[in-house]
Amino acid sequence: MGICVSKPPPEPNLSNHIEIQENPEPKNPENPAKKSREDGELAKKSPFFPFYSPSPAHFLFSKKSPARSPLNSSSNSTPKRFFKRPFPPPSPAKHIKAVWARRVKPNEAAIPEGEEVEGGGLDKSFGFSKNFASKYEVGEEVGRGHFGYTCKAKFKKGDSKGKDVAVKVIPKAKMTTAIAIEDVRREVKILRALTGHSNLVQFYDAYEDHENVYVVMELCEGGELLDKILARGGKYTEDDAKAVMIQILNVVAFCHLQGVVHRDLKPENFLFMSKDEDSPLKAIDFGLSDFVKPDERLNDIVGSAYYVAPEVLHRSYSTEADVWSIGVISYILLCGSRPFWARTESGIFRAVLKADPIFEEPPWPSLSAEAKDFVKRLLNKDPRKRMTAAQALSHPWIRSNNDIKVPLDILIFKLLKAYMRSSPLRKAALRALSKTLTVDELFYLKEQFALLEPNKNGSICLDNIKQALMKNATEAMKESRVHDFLASLNALQYRRMDFEEFCAAATSVHQLEALDRWEQHARCAYELFEKDGNRAIMIEELASELGLSPSVPVHAVLHDWIRHTDGKLSFLGFVKLLHGVSSRSLAKAQ
Ligand SMILES: Nc1ncnc2c1ncn2[C@@H]1O[C@H](COP(=O)(O)OP(=O)(O)OP(=O)(O)O)[C@@H](O)[C@H]1O
Ligand SMILES: [Ca+2]
Ligand SMILES: [Ca+2]
């Protein structure tokens with residue numbers, strides 16, 4: 001028979017996610033003739049994903065199914081022959097093994113749910129209120145994750161008596177390592193700190209007793225984005241996808257400005273408030289989130305395999321990693337398949353690191369060029385070249401037929417800092433580059449400049465930046481030290497910056513370099529620089545302009561940077577200068 005949808009796989013143990021095994025390839029390859037016939041039949045019969053090979057286990061995707069689980073439990077019984085490109089539709093994603101390796105003790109699998117483990121000296125008191133049971137009446141379960149389960153609950157008394165809320169119950173028995181405990185502490189701290197965004201689940205309070213931590217928040221009754229994607233056969237129209245992306249980008253841009261990186265963005269972690277078609281979407285589950293300072297790189301590998309960014313696997317990442325995950329979500333919304341897919345975790349990682357997503361197969365050829373460009377710019381493997389969430393909101397695909405309010409972008413402050421520390425020669429080169437920007441590229445910069453509220457002469461100083469940040473600040477900014485970062489912009493205390501200079505300062509060379517038209521930009525900028533800025537320069541002077549250490553063999557390194565005919569900067573030197581060089585990067589290039 002071979003159609004594995006006829007018999008559900010054994011129910012996985014949701015409380016034990018440490019046994020995530022590599023799925024073996026099928027041992028007995030099937031007769032190819034039989035294979036294509038069955039594929040054809042299945043495609044006809046299946047009500048799911050009519051445009052792609054049907055899911056081998058689509059009963060898994062029904063919320064009502066007892067077996068709604070990561071694919072790992074099913075794919076052992078899933079012959080590979082049912083998977084053909086484009087990849088299978090999305091399914092609940094499992095966390096990557098590294099998450100569990102640090103959060104679950106090896107013997108936890110043997111501990112029955114609800115039973116206390118040897119604490120081993122672990123401090124499981126959180127300092128939360130203890131009176132959960134007297135305040136709330138707990139109702140039916142509405143969802144379940146690897147760490148806890150979520151129930152409806154009602155206020156028992158007071159002004160809000162009878163009001164529905166959601167309570168995420170996290171059993172203390174499951175917190176068997178210091179990292180797992182720290183995750184819960186941080187989840188509550190972040191939820192408490194991040195207040196006031198309409199696309200973020202509203203947190204009310206946290207409680208604890210001997211057995212559990214209870215996180216009380218607003219109840220979202222519209223279900224997960226993943227279920228909506230699946231119910232729609234895995235594909236959104238461009239306009240519907242845009243409406244979802246705008247909300248996701250808005251809340252993520254907000255988190256990033258506050259210095260919070262979510263680290264587990266996936267369709268399961270976005271809930272609709274209600275069943276209405278135009279219901280707002282809310283980000284939930286900050287269980288793997290962290291604070292990140294503007295200059296900091298994180299290194300722990302966390303997240304869910306299909307959505308994890310390449311730089312997370314390389315253990316050096318920041319907020320850009322969330323944007324990658326949004327790229328994966330947008331790819332899924334638009335075509336119904338995952339961009340990086342394999343049967344094993346290591347296979348997925350290989351795809352994330354090395355493979356380019358497919359944009360050649362249906363439905364991509366029939367989608368707009370802007371939509372493809374948008375997704376590609378989120379899925380750039382180099383985080384420096386990837387758009388930020390605020391930039392993505394300024395992308396022509398999102399902007400078309402939408403009145404978008406672009407939020408303040410933390411990237412601007414990082415670029416301003418680098419600019420303020422640059423040599424006059426590099427500043428001149430950046431100024432030339434900024435003059436080549438197109439109307440589309442200038443849109444984002446205009447929006448950002450306006451958010452800094454320039455004075456009537458059209459210029460800004462440090463105070464404008466401080467005020468703009470204050471306006472948007474939540475408690476989270478304290479933890480992520482965004483304000484300390486402003487000290488690096490001190491030079492702006494004594495002078496003002498007009499829009500022209502702001503463009504030079506806030507242009508990301510790396511991002512421009514990712515565009516097809518980069519060569520044109522650079523050539524054009526070089527011509528401008530030739531007219532106004534290029535001058536004869538000695539290698540030693542150039543080295544000192546660049547702040548190179550005496551250990552760099554400047555004559556060997558900078559030889560081609562200077563045009564031999566007139567001693568001025570060559571095109572190569574100009575491009576290198578735009579990027580900004582350090583002794584370290586030059587030493588590496590040697
Ligand atoms: N505020 C809410 N309103 C309604 N349902 C919710 C709410 N918060 C969570 N849920 C449901 O509970 C599920 C589990 O919640 P959550 O994702 O926070 O748990 P988790 O244990 O951290 O999950 P994961 O395994 O993804 O890490 C969600 O997928 C969702 O279906
Ligand atoms: Ca979740
Ligand atoms: Ca979680």
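Just so it is clear, the model here is predicted, and its values are computed rather than measured.

Draft legend 1. Focus on the pairing of strand E1 (residues 136-144). Two elements, E1 and strand E2 (residues 149-155), share 6 bridges in a ladder whose sense is antiparallel. In the strand pairing of E2, Gly143 is matched with Thr150. In this antiparallel pair of consecutive strands, E1 and E2, the connection spans 4 residues.

Draft legend 2. Spotlight on the environment of Met470. Here Met470 shows up in helix H17 (residues 462-472). Residue classification places Met470 among the exposed positions, given that 10 C-beta atoms sit within 10 Å. Along the chain, Met470 and Asn401 lie 69 residues apart, while their C-alpha atoms are 31 Å from each other.

Draft legend 3. A look at the sheet that holds strand E5 (residues 212-217). Read from one edge to the other, the open sheet built from 5 strands follows the order E1-E2-E3-E5-E4, with strand pairing classed as antiparallel. Taken across any chain shown, the strands that pair with only one partner, and hence form the sheet edges, are E1 and strand E4 (203-208). Here the average twist between neighbouring strands, direction ignored, is 30°.

Draft legend 4. Quick peek at the UniProt feature "domain: Protein kinase" (unreviewed entry) in the protein chain. Sites flagged by UniProt as "domain: Protein kinase" (unreviewed entry) map to residues 136-398. Its end C-alpha atoms 42 Å apart, residues 136-398 is made of 35% helix and 17% strand.

Draft legend 5. Highlighting the site of ligand 1. Lining the immediate environment of ligand 1, one finds 22 residues, of which Gly143, Gly145, His146, Phe147 and Thr150 sit closest. The biggest single contributor to the shell around ligand 1 is E1, with 3 residues. Here the residues of the shell around ligand 1 sort into 9 nonpolar, 7 polar and 6 charged.

Draft legend 6. Broad picture of the packing of helix H9 (residues 320-335) against helix H11 (residues 369-378). In contact at an axis separation of 8 Å, H9 and H11 are set at 150° when each is read in the N-to-C sense. In terms of crossing hand, the pair formed by H9 and H11 is left-handed. Seen from H9, the contacting residues are Val323, Trp324, Ile326, Gly327, Ser330, Tyr331 and Leu334; seen from H11, they are Ala371, Phe374, Val375 and Leu378. For the contact of H9 with H11, a count of residues per class yields 9 nonpolar, 2 polar and no charged.

Draft legend 7. Inspection of the domain arrangement of the protein chain at higher detail. On domain assignment, one finds that the protein chain holds domain 1 (225-399), domain 2 (409-510) and domain 3 (534-590). Between the C-alpha centres of domain 1 and domain 3 there is a distance of 38 Å.

Draft legend 8. Structural view of helix H25 (residues 571-579). Among the residues of H25, those classed as buried are Gly573, Phe574, Val575, Lys576, Leu577 and Leu578. As for H25, its buried residues are in contact with helix H15 (424-434), helix H21 (509-513) and helix H22 (518-531). One or two steps after H25, the chain reaches Gly580, where phi turns positive at roughly 80°.

About the cut-offs
Residues numbered from 1 in each chain as written. Chains lettered and ligands numbered in written order. Predicted model: local features only at pLDDT ≥ 70, side-chain atom pairs only at ≥ 80, totals over all residues. Pairing = 2+ DSSP bridges. Helix = DSSP H or I, 4+ residues; strand = E, 2+ residues; numbered from the N terminus. Buried ≥ 20, exposed ≤ 12 C-beta atoms within 10 Å, placed from the backbone. Axes fitted to C-alpha atoms, helices over the stretch in contact; angles between N-to-C directions. UniProt positions renumbered as here; feature names shortened; annotations may be inferred. Near = placed C-beta within 6 Å. Nonpolar A, V, L, I, M, F, W, Y, C, P; charged D, E, K, R; others polar. Left-handed = near helix turned anticlockwise from the far one by under 90°. Contact = placed C-beta atoms within 7 Å. Domains from an automatic or database assignment.

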